[in-house]
Amino acid sequence: MAVPNTNIFIGDLPMEMDDDMLKQVFSEYGTVTWSRVFDSGGKPNKAAIVEFADIEEAKWCVENLDGNIPQGLSTPVKVMFKRSNDGGKGYGGGGKFGSSNNPFVYGKASIGGGGSNAFSPYAKGKG
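Right, let's walk through the structure included here. (Residues numbered from 1 in each chain as written. Predicted model: local features only at pLDDT ≥ 70, side-chain atom pairs only at ≥ 80, totals over all residues. Heavy atoms only, no water.)

1. Considerations on the overall build of the chain
Working step 1: Each helix and strand in the chain was counted, giving two helices and four strands.
Working step 2: For the chain, the succession of helices and strands along the chain, N to C, is β-α-β-β-α-β.
Working step 3: Evaluated residue by residue, the chain yields a buried proportion of 28% over its 127 residues.
Working step 4: Counting only contacts in the chain whose residues sit at least 6 apart along the sequence, the fraction spanning at least 24 positions is 51%. (Helix = DSSP H or I, 4+ residues; strand = E, 2+ residues; numbered from the N terminus. Buried < 20%, exposed > 50% of the residue type's maximum accessible area, 1.4 Å probe, protein only. Contact = heavy atoms within 4.5 Å.)

Written out as structure tokens, the structure is:
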């Protein structure tokens, strides 16, 4: 489980959800300082991130809305704290994209080719 913070991830949102509707729904539970709905990418529902002004507001949402139906919606949602990208799974901690903190690097090859012994299909030719 992610460390409690002011950012929450919301999954299983209805397809008609947009940024304005998201802010309207979650403003009922605290002061929303930033929010964004993400495209479904072909899935039958959408996801979003909401940032609250206070960690207690975010905690309340995770503890009380996960698996439940928020006011203004008609289906249950998944709510959890957003994971940070430093450490843990993901870009930084040996997860899917290797150990680089750069989200555009796949695997463990370094950028720039410097003095790294990492494999690269674009190795500098000799001779």
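2. Looking at helix α2 (residues 55–65)
Working step 1: Of the residues making up α2, those classed as buried are E57, A58, C61, V62 and L65. Down the axis of α2, the buried set is contained in an arc of 135°. They therefore lie on one face.
Working step 2: Elements that come into contact with the buried residues of α2 comprise β1 (7–13), α1 (19–26), β3 (46–52) and β4 (78–81).
Working step 3: Following α2 by one or two positions, G67 adopts a phi angle in the positive range, close to 85°. (Arc of directions from axis to C-beta.)

3. Here we look at the pairing of β1
Working step 1: When β1 meets β3, the two strands line up antiparallel, connected through five bridges. Considered in β3, the bridge of I10 is made with A48. (Pairing = 2+ DSSP bridges.)

4. A word on the pairing of β3
Working step 1: The element β3 is extensively covered by neighbouring structure, given that six of its seven residues are classed as buried.
Working step 2: Judged from the six bridges that link them, strand β2 (residues 32–38) and β3 form a sheet pairing that is antiparallel. Following the sheet pairing, R36 is matched in β3 by I49.

5. Side note on the environment of D12
Working step 1: Within the secondary structure, D12 is located in strand β1.
Working step 2: For the pair D12 and P44, spaced 32 residues apart in the sequence, the C-alpha separation amounts to 8.3 Å.
Working step 3: Dropping the residues within four chain positions of it, D12 is found in contact with N45, K46, T75, P76, V77 and K78.
Working step 4: Looking at D12, its side chain comes within polar contact range of the side chain of N45, at 3.1 Å. (Polar contact = N/O pair within 3.5 Å; in protein donor to acceptor, adjacent residues only side chain to side chain.)

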